[in-house]
Amino acid sequence: MPDIANLPAGLVYGRIAAQVPVTDIARALDFYVGLLGLHKVFENGHPVGFVILERQGAELHLCLDPRHQATGQNVAHWMVNDATALHDHLVAHGVPIVKGLRDADYGLRGFVFTDPDGNRIDVGQDI
C-alpha cells in the first residue's frame, strides 16, 4: 500500500462530483433539472457534450456518450434530508426504483433509482 505520509504538507482536497454518462443531454436535463430541481451552472461544446448541475451542496456532471449502456452498478450516491419525500416524488413521476425504500442497519434510509439512461443513483438519508 502506498505511504500517504509522502503527501505534500497542507494539501487540501476540493470538490469531487460524480460524472454521469448520458446518451441525450436534452433528455438528461429534462430529468435532472425539470424533475429533480438541479440547476445548470456550466455547459461546454457545440453541440453541448458536458454539463455541470448543482443544487445546494449537490453537484453532478453530465457527459454525452451516445454509445453509453448502463450497468448494474451505482454511478453516484446522493445524500438528502428526506429520502421518503424524494422517493415518493420519483414514484409519482414514474421513475424506475430498482431498490425500494428501506432503513439499513448502518444508519441510512435509502433507495436506488435510475435516470432515463438507466444510470443507478443511490439515495441516502441519515437516520
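How each quantity is defined
- Residues numbered from 1 in each chain as written.
- Predicted model: local features only at pLDDT ≥ 70, side-chain atom pairs only at ≥ 80, totals over all residues.
- Heavy atoms only, no water.
- Helix = DSSP H or I, 4+ residues; strand = E, 2+ residues; numbered from the N terminus.
- Buried < 20%, exposed > 50% of the residue type's maximum accessible area, 1.4 Å probe, protein only.
- Contact = heavy atoms within 4.5 Å.
- Polar contact = N/O pair within 3.5 Å; in protein donor to acceptor, adjacent residues only side chain to side chain.
- Pairing = 2+ DSSP bridges.
- Axes fitted to C-alpha atoms, helices over the stretch in contact; angles between N-to-C directions.
- Core = buried A, V, L, I, M, F, W, Y, C linked by side-chain atoms within 4.5 Å.

**Q** Even after reading the chapter, I still don't get the overall build of the protein, so can you show me in this structure?
**A** Looking only at helices and strands, the protein has two helices and eight strands in total. When its C-alpha atoms are laid out on the principal axes, the protein stretches across 50 × 45 × 30 Å. Evaluated residue by residue, the protein yields a buried proportion of 35% over its 127 residues. Restricting to contacts in the protein with at least 6 residues of sequence separation, those with at least 24 account for 52%.

**Q** How do you make sense of the environment of Arg102 when you look at a structure like this?
**A** With respect to the helices and strands, Arg102 occurs in strand E6 (residues 97-103). With 18 residues separating them in the primary sequence, Arg102 and Thr84 have C-alpha atoms 9.3 Å apart. Look past the residues within four positions of Arg102 in its chain and what remains in contact with it is Leu108, Arg109, Gly110 and Phe111. A distance of 3.3 Å separates a polar atom in the side chain of Arg102 from the backbone oxygen of Gly100.

**Q** How should the sheet that holds strand E5 (residues 74-79) be read in this particular structure?
**A** Pairing between the strands of a sheet is mediated by backbone hydrogen bonds and can be parallel or antiparallel. Spatial strand order, E5-E8-E7-E6: four strands in an open sheet with mixed pairing. Each edge of the sheet is formed by a strand with only one pairing partner; in this case those strands are E5 and E6. Ignoring strand direction, the axes of neighbouring strands in this sheet form an average angle of 15 degrees. Bridge count between E6 and strand E7 (residues 108-114): four bridges; the pairing is antiparallel. What sits directly across from Ile97, in E7, is Phe113. Sitting on the sheet, helix H2 (residues 83-92) is in contact with E6, E7 and strand E8 (120-126), with an inclination near 25 degrees to E7.

**Q** Would you mind showing me how to read the sheet that holds strand E2 (residues 39-44) here?
**A** Taken in spatial order, the four strands line up as E1-E4-E3-E2 in an open sheet, and their pairing is mixed. In the strand order of this sheet, the two ends are held by strand E1 (18-22) and E2, each with one partner. The average angle at which neighbouring strand axes cross in this sheet is 25 degrees, direction not considered. Packing of helix H1 (residues 25-35) onto the sheet brings it into contact with E1, E2, strand E3 (50-55) and strand E4 (58-64), and relative to E4 it is tilted by some 165 degrees.

**Q** Help me understand the nonpolar core, please; the structure alone is not making it clear to me.
**A** Side chains of nonpolar character tend, in soluble globular proteins, to be buried together. Core analysis: the biggest nonpolar cluster contains 25 residues, and Tyr32, Leu36, Leu62, Leu90 and Phe113 have the highest contact counts within it. Breaking this core down by element, the ones donating at least two residues are E1, H1, E3, E4, E5, H2, E7 and E8. In this view, Tyr32 contacts Val20, Gly37, Leu38, Leu53, Leu60, Leu62, Asp115 and Ile121; residues no more than four positions away in its chain are not counted.

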